[in-house]
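Here's the letter readout for the chains.
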Amino acid sequence: MISSPATLGASADAPARPLTRTIWGLDPAQLHARFWASRGVQVVRQGEPSEIVRHAELFLLADPRTLAIFRLTSLVEQLSWLNADLLAVRLIDSRERGYRELVQTDGLDRFVRFRRDYGGAAARLARVALTPDQDIARLWQSAPDPRTGWQRLRRVLRRTERWSTSAQGRFYDRTSEREQAMFVRDLVETWRRPDATIHSVGEVSQHVWGTPGLHLNGTRFAGPLWIGAGRELGETPAAVGPGVLWDSPGVRPQPEEVRWIDLEPTAPPAFPIPRVKARSARAVKRAFDVAFSLLALAVTLPLYPLIALAILLEDPGPIFFVHRRETRGGRVFGCIKFRSMRTDAEKIKRELAAQNRADGPQFYIPNDPRLTRVGAFLRQYQLDELPQFVNVLAGDMSVVGPRPSPYEENQYCPPWREARLSVRPGVTGLWQIKRTRAAGNDFQEWIKYDIEYVERQSLRLDLWIIWKTVMLLVRGVTRS
């Protein structure tokens, strides 16, 4: 029986050294490149002067030591949404590293014994980047080391052209024999069609891949398995994957070049399709909105004269601020708030444009000088939004939903616009309770949480968001 074969032949006592074994003529680093090529992505590193392929759809910028496996779809969506030239990705590998059985061999590749190896449980971090730009890939490749590469990218690309994000993934140290063996084992589980870029192999049994002429001799298989060149199963009754049998010693086929022009193009990212709610569910939500708004207005109405007087005493002018926003289907309505800014706020905004700290279409700077003292207080406790319950009663808004935005902001990302305008905007929402205000991430979080709400919307979720909003307000009051 073949067991845990990614570690076959790996001496547990030997010092870390580059793995010389191959599968179908490819070492682990070459397998890594083929895996990403099957997804239309060329891996680019320093010290590997391969030609930048113009037929590649994306370039994965990695340091010379890192082998990485992660889901690409959501990152491609972010690149598309943000129209970015570079997306820096912090990979978080939080897998439990319990024990694994290693096969220890001698210098002649003969079995010696099994050894149990215990790993740690702490998350590890690595950094890679994605870009559709060939010149950026060449800039990275030509750098003498990764640190210089990152410095060049930051120097050449404006802040609006490069974005950063985090993603769960797996990564491995290319200089460690054990890590390379772990990578190959995980790749066998992840890569279901290695023939996409390794044309010399075929599927000889379900999820079992090998070279032409391989004799199975009635072996039964469980789990995915890769069988190298020159290998025969002999009288093996059963083989258990995921695993790999390396190429036979002395047999190392010459792999073909990747035919990039023949690769099937990657399907465009599937943007979220708004969840269509049953008519009864929409009726229940609308009834809840009306009942909650009437209750909220009844409880807070005594505050209105006090708030109005405070606004007028500090900065005479309108008590309410009505801004044109879009609701479901793109219909425009007047969103009502208590005025929290000076009457000349728009003029000051133009003067402060260069200080904008928001990473999207919004405008945000700390200690905004446009705010009045009363306005800052109202915003701190979200009292400026109380009149929006009138918008809820009018049917323009909901108690819970995406943040109401004007036409100009909604044009920033068409797929995001279509999703968020499939529901009414809310007085509060998922973004309001989960955003971190982290530099460079605010707009990404806005997109993420708006779409998450559209996909998951339910009365139960609405009640949870309302509860979290109340808790945030209570904590804000107790701290001040």
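Everything below is about the structure printed above this text.
Residues numbered from 1 in each chain as written. Predicted model: local features only at pLDDT ≥ 70, side-chain atom pairs only at ≥ 80, totals over all residues. Heavy atoms only, no water.

Participant: How should I be thinking about the overall build of the chain in this particular structure?
Facilitator: The number of helices and strands found in the chain is 15 helices and 18 strands. Looking at the chain as a whole, 48% of its 480 residues are labelled buried. Contacts in the chain between residues at least 24 apart in sequence constitute 67% of all its contacts with a sequence separation of at least 6. Of the roughly 24,700 Å² of accessible surface on the chain, 54% is carried by carbon and sulfur atoms. (Helix = DSSP H or I, 4+ residues; strand = E, 2+ residues; numbered from the N terminus. Buried < 20%, exposed > 50% of the residue type's maximum accessible area, 1.4 Å probe, protein only. Contact = heavy atoms within 4.5 Å. Areas by Shrake-Rupley, 256 points an atom, 1.4 Å probe, with all protein chains shown as cover.)

Participant: I tried to follow the environment of S205 on my own but got confused; where do I start?
Facilitator: Following the sequence through the fold, S205 ends up in strand β9 (residues 202-205). Considered as a pair, S205 and R220 are 15 residues apart in the sequence and their alpha carbons are 9.4 Å apart. Ignoring sequence-local partners within four residues, the contact set of S205 consists of L216 and F221.

Participant: Just checking my understanding: could you explain the packing of helix α7 (residues 303-314) against helix α9 (residues 373-380) for this structure?
Facilitator: Axis angle and axis distance: for two packed helices, these are the angle between their axes and the distance between the axes, and together they describe the pair. It is the contact of α7 with α9, at a shortest axis distance of 8 Å, that shows an interaxial angle of 145 degrees. Residues I307, A310, I311 and E314 of α7 touch α9, and the partners they reach there are R373, V374 and L378. Across the contact of α7 with α9, the residue classes break down as five nonpolar, no polar and two charged. (Axes fitted to C-alpha atoms, helices over the stretch in contact; angles between N-to-C directions. Nonpolar A, V, L, I, M, F, W, Y, C, P; charged D, E, K, R; others polar.)

Participant: Help me out: how do you make sense of the packing of aromatic side chains in this one?
Facilitator: Geometry of an aromatic ring pair is reported as the spacing of the ring centres plus the angle between the planes. For the structure on display, the rule yields twelve aromatic pairs. When the centroid spacing of 5.0 Å and the interplanar angle of 40 degrees are considered together, the rings of W24 and W226 count as tilted. One end of the pair, W24, is in the segment before α1 (28-37); the other, W226, is in strand β12 (residues 225-227), with 202 residues separating them in the sequence. By the burial criterion, W24 is buried, and W226 matches it. Across from the ring centre of W150, 4.0 Å away, lies the NZ or CZ of R127, which sits over that ring. (Phe/Tyr/Trp six-rings, centres within 6.5 Å; stacked < 30°, edge-to-face > 60°. Lys NZ or Arg CZ within 6 Å of the ring centre and 35° of its normal.)

Participant: Help me understand the pairing of strand β3 (residues 66-70) in this model?
Facilitator: Within a regular beta strand, the side chains point alternately toward one face of the sheet and then the other, so they alternate between its two faces. Counted residue by residue, β3 has five buried out of five residues, so it is predominantly covered. Here β3 shows a buried face lined by T66, A68 and F70 and a second buried face lined by L67 and I69. Bridge analysis of β3 against strand β8 (residues 162-173) gives five bridges, and the strand direction is antiparallel. Counted as the bridge partner of L67 is Y172 from β8. (Pairing = 2+ DSSP bridges.)

Participant: Help me understand the pattern of salt bridges, please; the structure alone is not making it clear to me.
Facilitator: Oppositely charged side chains are able to pair whenever their charged atoms sit close together. Overall, the coordinates contain 14 salt bridges when judged by the stated rule. When the shortest N-O distance is used, the salt bridge between D173 and R65 registers 2.3 Å. Of this pair, D173 sits in strand β8 while R65 sits in the loop between β2 (58-61) and β3, placing them 108 residues apart in sequence. Ionic pairing is found between K285 and D462, a salt bridge with its closest N-O pair at 2.6 Å. Linking K285 in helix α6 (residues 279-300) with D462 in helix α15 (residues 459-479), this pair joins segments that are 177 residues apart in sequence. Several salt bridges share partner residues, and in doing so they unite R170, R185, D186 and E189 into one network. (Salt bridge = Lys/Arg side-chain N within 4 Å of Asp/Glu carboxyl O.)

Participant: Can you walk me through the environment of R159 in this structure?
Facilitator: When you line up the elements, R159 lands in the loop between α4 (146-156) and β8. With a relative accessible area of 41%, R159 lands in the partly exposed category. A C-alpha to C-alpha distance of 9.8 Å links R159 and A84, two positions 75 residues apart in sequence. Within polar-contact distance, the side chain of R159 engages the backbone oxygen of R162 at 2.4 Å. (Polar contact = N/O pair within 3.5 Å; in protein donor to acceptor, adjacent residues only side chain to side chain.)

Participant: Can you help me understand the sheet that holds β9 in this one?
Facilitator: Consider a sheet: its strands pair through backbone hydrogen bonds, and that pairing is either parallel or antiparallel. Spatial strand order, β9-β10-β12-β14: four strands in an open sheet with mixed pairing. The outermost strands of the open sheet, each flanked by one partner alone, are β9 and β14 (243-245). On average, each strand axis in the sheet is inclined to that of its neighbour by 25 degrees, with strand direction left out of account. Sheet topology note: the strand β10 (residues 208-210)/β12 ladder contains two bridges and is parallel. What sits directly across from V208, in β12, is L225.

Participant: I would appreciate a short explanation of a nonpolar patch on the surface in the present structure.
Facilitator: Nonpolar side chains collect at one region of the surface, where V284, L459 and L463 lie side by side and expose about 230 Å² of accessible area between them. Along the chain, V284 turns up in helix α6. Classification of V284 by relative accessible area gives partly exposed; the value is 44%. (Patch = residues over 30% accessible without salt bridge, like charges linked within 9 Å, V, L, I, M, F, W, Y side chains within 5 Å.)

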